[in-house]
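Topology and contacts: notes
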There are 2 protein chains.
Amino acid sequence: MTDTVKYLLDETHLPKYWYNLAADLPVAAPPVLHPGTMQPVGPNDLAPLFPMDLILQEVSTERDIPIPEPVREVYRQWRPSPLFRARRLEKLLQTPAKIYYKYEGVSPAGSHKPNTAVPQAFYNKQAGVKRLVTETGAGQWGSSLAFAGALYGLEVKVFMVRVSYDQKPYRRALMETYGATCVASPSNETQSGRALLAQRPDHPGSLGIAISEAVEVAAQNDDTKYALGSVLNHVLLHQTVVGQEAMAQMDMAGDYPDVIIACTGGGSNFAGLAFPFLGAQLRGGKKVRIVAVEPAACPSLTRGTYAYDFGDTAGLTPLTKMHTLGSTFIPPGFHAGGLRYHGMAPLVSHIKELGLIEAVAYEQIACFEAGVTFARAEGIVPAPESNHAVKGAIAEALKCKAEGKSRTILFNLSGHGHFDMQAYLDYFGGKLKDIQYAEADLATALAKLPQVKAA
Amino acid sequence: MTDTVKYLLDETHLPKYWYNLAADLPVAAPPVLHPGTMQPVGPNDLAPLFPMDLILQEVSTERDIPIPEPVREVYRQWRPSPLFRARRLEKLLQTPAKIYYKYEGVSPAGSHKPNTAVPQAFYNKQAGVKRLVTETGAGQWGSSLAFAGALYGLEVKVFMVRVSYDQKPYRRALMETYGATCVASPSNETQSGRALLAQRPDHPGSLGIAISEAVEVAAQNDDTKYALGSVLNHVLLHQTVVGQEAMAQMDMAGDYPDVIIACTGGGSNFAGLAFPFLGAQLRGGKKVRIVAVEPAACPSLTRGTYAYDFGDTAGLTPLTKMHTLGSTFIPPGFHAGGLRYHGMAPLVSHIKELGLIEAVAYEQIACFEAGVTFARAEGIVPAPESNHAVKGAIAEALKCKAEGKSRTILFNLSGHGHFDMQAYLDYFGGKLKDIQYAEADLATALAKLPQVKAA
């Protein structure tokens with residue numbers, strides 16, 4: 001075999017459980033706090049936003065959480081997803097490294113996001129919810145929830161960050177094709193949106209703002225719940241089907257990763273691939289380097305502060321301890337809209353603090369260059385977010401080449417870029433810039449972090 | 001199982017041979033004629049355009065043509081492709097019919113076209129060719145050849161029909177991401193293009209014109225060959241991996257189709273699915289209804305004449321006997337650009353004349369309506385071309401419902417619509433029209449058919 005190799009599991013290998021990293025952590029993650037009382041939140045505090053099944057998953061410390069059979073039936077449409085060995089890319093790079101990638105773009109919505117959209121829609125439907133409301137950046141999450149909503153007959157409303165809404169009209173078209181409604185955020189439909197538009201009518205929006213709008217709508221309507229596409233424990237949990245399958249597929253290949261790489265925005269595709277491997281390590285298995293790759297224009301893990309902060313811009317959510325650029329920080333409008341979030345998943349932040357993972361940040365032009373190299377070798381055009389993982393993997397492979405060492409690299413190709421071709425056109429047309437945030441803006445946002453006394 | 005069911009073959013079921021229908025035909029198809037001599041063309045007549053391996057496949061009557069192992073290695077990246085039973089769609093339609101679909105959108109370029117692009121690039125590379133030149137309508141073929149060219153280090157130049165070039169800038173972006181160059185046709189780069197632009201500077205183009213431009217460039221350059229994405233025998237041959245896999249998958253499902261449905265532009269996705277089933281029938285197997293679905297705005301099988309005609313508009317190709325609207329007929333600019341071709345594959349035309357298949361034509365709005373219904377049920381957004389097959393399948397399923405009969409329907413979902421979302425936006429925005437051609441234009445084009453005396 002000299003060509004790209006596919007490792008495909010049959011359906012009997014579709015995981016029966018989600019893997020919960022909380023069961024294996026040497027130190028528990030800090031509690032989530034109520035911003036009014038500064039006391040840990042209980043399940044009832046979250047009940048206006050989420051159905052109880054998801055809340056219980058959010059706080060569970062059980063290692064194996066059963067995947068409901070109806071969810072597994074939907075997963076079967078595209079899962080187990082393929083794992084590829086990128087022989088053509090290895091050859092092009094002339095690297096002694098072995099490069100594997102798990103490909104999540106095979107889902108109907110084109111990314112890993114349906115792995116959590118489907119169970120979230122399922123549990124909400126079970127709880128009698130009529131409508132789900134959410135935010136989206138690049139649109140991968142919004143279109144995934146729209147897809148899941150169509151399956152379960154739930155209305156879906158998506159607040160889409162304005163800069164992405166304008167850049168990617170076809171993502172909106174996809175959501176509408178699935179029957180969802182999509183509005184640009186900040187919008188006039190919420191108090192938090194109107195307040196921002198009053199300050200700045202051409203506000204580019206951010207994930208934090210769109211979350212505020214969605215949470216506001218959910219909190220005010222009894223038949224409506226909120227759904228989040230990343231960050232929260234239960235979202236990361238649902239993504240662990242990715243890493244569990246990858247472990248079985250690496251086994252098929254007779255190999256095991258020395259380094260695992262994924263991009264990080266809120267942290268869910270990263271956690272999905274990495275947590276099962278990390279759990280195995282924590283239970284005495286082989287040590288593996290785990291590298292989170294983030295955008296230099298929104299570098300929460302590499303430049304943020306580890307502190308309690310709001311998940312949204314208006315301060316409507318509970319406080320979580322995480323790496324944050326400050327919930328009032330508005331990241332510049334670069335192309336990987338799915339990574340434009342001020343914070344990082346509390347669980348991912350926690351294991352970063354424990355020294356269990358590394359993080360690195362790259363500029364967007366270098367990521368698109370890596371993505372084009374990958375596309376010409378492997379045939380798959382990555383999403384701009386996934387290009388960060390590709391860049392990380394190529395950097396590791398070239399390090400292997402420089403050192404004359406063969407290491408096994410595994411990365412998560414979290415989605416395809418079919419709805420992001422304007423970004424590629426901009427790249428080829430020389431219109432893409434490496435966008436910097438202003439250090440003063442970051443300092444201002446960090447100065448506004450909520451004051452939380454040690455619990 | 002109440003949900004959509006996937007039938008996935010492991011790689012040991014990847015076909016080792018392409019299936020050649022010519023071996024099983026009760027009557028041979030009429031010969032291809034040289035337009036100068038009106039005598040059957042020989043292999044050498046085609047040598048300026050194609051490498052000899054492909055020419056020999058074009059004229060072969062062997063039943064099983066071996067697939068080169070390096071081509072099978074590339075196929076393995078996405079083949080065997082999945083077959084689904086559309087349980088969610090069946091439920092939505094409340095039909096007693098069983099609906100299966102073979103999904104070819106899993107290929108890197110998003111359609112069935114890489115099934116032939118890869119072997120065409122392979123054989124050209126083997127023959128020492130440096131550059132491939134081709135035409136594309138909606139862009140599925142152009143991006144597939146661009147993908148295949150990238151794998152083999154071949155330069156690829158694509159003449160893209162102007163109406164599609166303008167409608168689908170992201171298809172061009174995809175071709176460029178793979179490293180190909182793409183120009184709008186008619187262009188100023190060829191004699192045939194310049195002649196048309198002189199008559200009408202805003203000429204919308206057609207597949208026939210783009211073929212003329214590509215053939216002209218190939219004929220004038222020694223290191224350059226021409227590649228065609230449909231119509232020819234060897235192209236249809238390469239697509240038979242689809243039907244062979246589908247036969248094995250229907251067997252997995254313990255079922256066999258009563259009716260097979262696919263859309264027809266040049267005829268290749270249709271032939272790919274149908275020919276292996278038809279071959280089995282011709283060798284004494286079960287009879288199956290086979291339905292070709294074409295656009296009402298370009299209805300070669302249902303409104304065309306069965307006659308010798310050119311494959312291109314400028315009259316640069318040999319003459320083939322086929323159902324044609326006349327090679328000078330310019331179809332109106334509807335959204336399924338891959339179906340905007342004046343003729344039909346000679347083999348498909350021949351079996352239509354033999355009464356072995358049926359044909360039906362639908363307007364585009366009805367096809368988009370079917371596509372949206374399908375997307376909301378099955379999660380996959382079909383290409384506008386594939387929507388014709390979806391429409392055909394839904395029509396058959398509703399007929400089953402009306403008759404209270406359960407029949408097994410199998411259709412080819414030839415590609416996804418991720419690069420066609422403008423068409424969906426137009427549909428939702430009420431901007432899509434059912435476009436008619438002028439009967440006078442059709443009559444004029446048919447009157448210009450070349451005069452060929454009986455051989």
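In case you missed it, the structure is sitting above this.
Predicted model, so just to flag it, every value in this text is computed and none were measured. (Residues numbered from 1 in each chain as written. Chains lettered and ligands numbered in written order. Predicted model: local features only at pLDDT ≥ 70, side-chain atom pairs only at ≥ 80, totals over all residues. Heavy atoms only, no water.)

Further remarks concern the overall build of chain A. Helix and strand content of chain A: 18 helices and 15 strands. The C-alpha radius of gyration of chain A comes to 20 Å, within 12% of the 23 Å expected for a compact globule of 455 residues. Projected onto the principal axes, the alpha-carbon positions of chain A cover approximately 60 × 50 × 45 Å. Taken over 455 residues, chain A has a buried fraction of 65%. (Helix = DSSP H or I, 4+ residues; strand = E, 2+ residues; numbered from the N terminus. Rg over C-alpha atoms; globule rule 2.2 N^0.38 Å. Buried < 20%, exposed > 50% of the residue type's maximum accessible area, 1.4 Å probe, protein only.)

Another aspect to go through is the pattern of salt bridges. Residue and element names in this part refer to chain B. Counted by the stated rule, this structure contains 44 salt bridges over all chains. The partner of K168 in a salt bridge is D420, with the nearest N and O atoms 2.7 Å apart. With K168 in the loop between α7 (162-167) and α8 (169-177) and D420 in the loop between β15 (408-413) and α18 (421-428), this residue pair connects regions lying 252 residues apart in the sequence. (Salt bridge = Lys/Arg side-chain N within 4 Å of Asp/Glu carboxyl O.)

The interface is formed by 46 residues belonging to chain B together with 46 residues belonging to chain A. Roughly 3900 Å² is buried in total at the junction of chain B and chain A, and carbon and sulfur atoms are behind 58% of that figure. Among the residues chain B hides against chain A, the three largest losses belong to Q77, Y170 and T177 of chain B. Together they make up 19% of the total. One can count zero salt bridges joining chain B with chain A. One can count 19 residue pairs in polar contact (both at pLDDT 80 or more) joining chain B with chain A. Mapped onto the side of chain B that touches chain A, the elements with two or more residues apiece are α3 (69-75), α6 (140-152), α8, α16 (364-378) and α18 of chain B. Considering every element that reaches the side of chain B that touches chain A, the biggest residue donor is α8 of chain B, with seven residues. For the side of chain B that touches chain A, the per-class residue count stands at 26 nonpolar, nine polar and eleven charged. (Contact = heavy atoms within 4.5 Å. Buried area = accessible area lost by both parts, 1.4 Å probe. Polar contact = N/O pair within 3.5 Å; in protein donor to acceptor, adjacent residues only side chain to side chain. Nonpolar A, V, L, I, M, F, W, Y, C, P; charged D, E, K, R; others polar.)

Residue and element names in this part refer to chain A. A surface patch of nonpolar side chains, about 250 Å² in accessible area, is lined by M52, L56 and V59. As for its position among the elements, L56 is in helix α2 (residues 52-59). On the basis of relative accessible area, L56 is assigned to the partly exposed category, the value being 45%. (Patch = residues over 30% accessible without salt bridge, like charges linked within 9 Å, V, L, I, M, F, W, Y side chains within 5 Å. Areas by Shrake-Rupley, 256 points an atom, 1.4 Å probe, with all protein chains shown as cover.)

Let us look at the relation of the copies chain B and chain A. If you rotate chain B by 180° and push it 0.0 Å along the axis, it lands on chain A with an RMSD of 0.0 Å. What we have between these two chains is a two-fold relation. Closest to the rotation axis within chain B is the C-alpha of H418 of chain B, separated from it by 3.0 Å. When the interface residues of chain B are mapped onto chain A, 100% of them again fall at the interface, so both copies present the same face. (Least-squares fit on C-alpha atoms with pLDDT ≥ 70 in both.)

What follows covers the packing of α2 of chain A against helix α11 (residues 233-252) of chain A. For any two helices packed against each other, the geometry comes down to the angle between their axes and how far apart the axes lie. All names here are of chain A. As a packed pair, α2 and α11 sit with axes 8 Å apart at the nearest point and diverge in direction by 85°. Taken together, α2 and α11 sit at an angle that is classed as roughly perpendicular. Between α2 and α11, the residues in contact are L54, Q57 and E58 and N233, H234, L237 and H238, respectively. A breakdown of the residues in the contact of α2 with α11 according to their chemical character gives two nonpolar, four polar and one charged. (Axes fitted to C-alpha atoms, helices over the stretch in contact; angles between N-to-C directions. Parallel < 35°, antiparallel > 145°, perpendicular 65-115°, else oblique.)

Turning to the environment of M322 of chain A, a few remarks are in order. Residues and elements named next belong to chain A. Positionally, M322 belongs in strand β13 (residues 319-324). C-alpha of M322 to C-alpha of C263: the two residues are 59 residues apart in sequence and 17 Å apart in space. Apart from residues lying up to four places away in sequence, M322 is in contact with T305, Y306, A307, D309, F310, G311, H342, G343, M344, P346 and S349.

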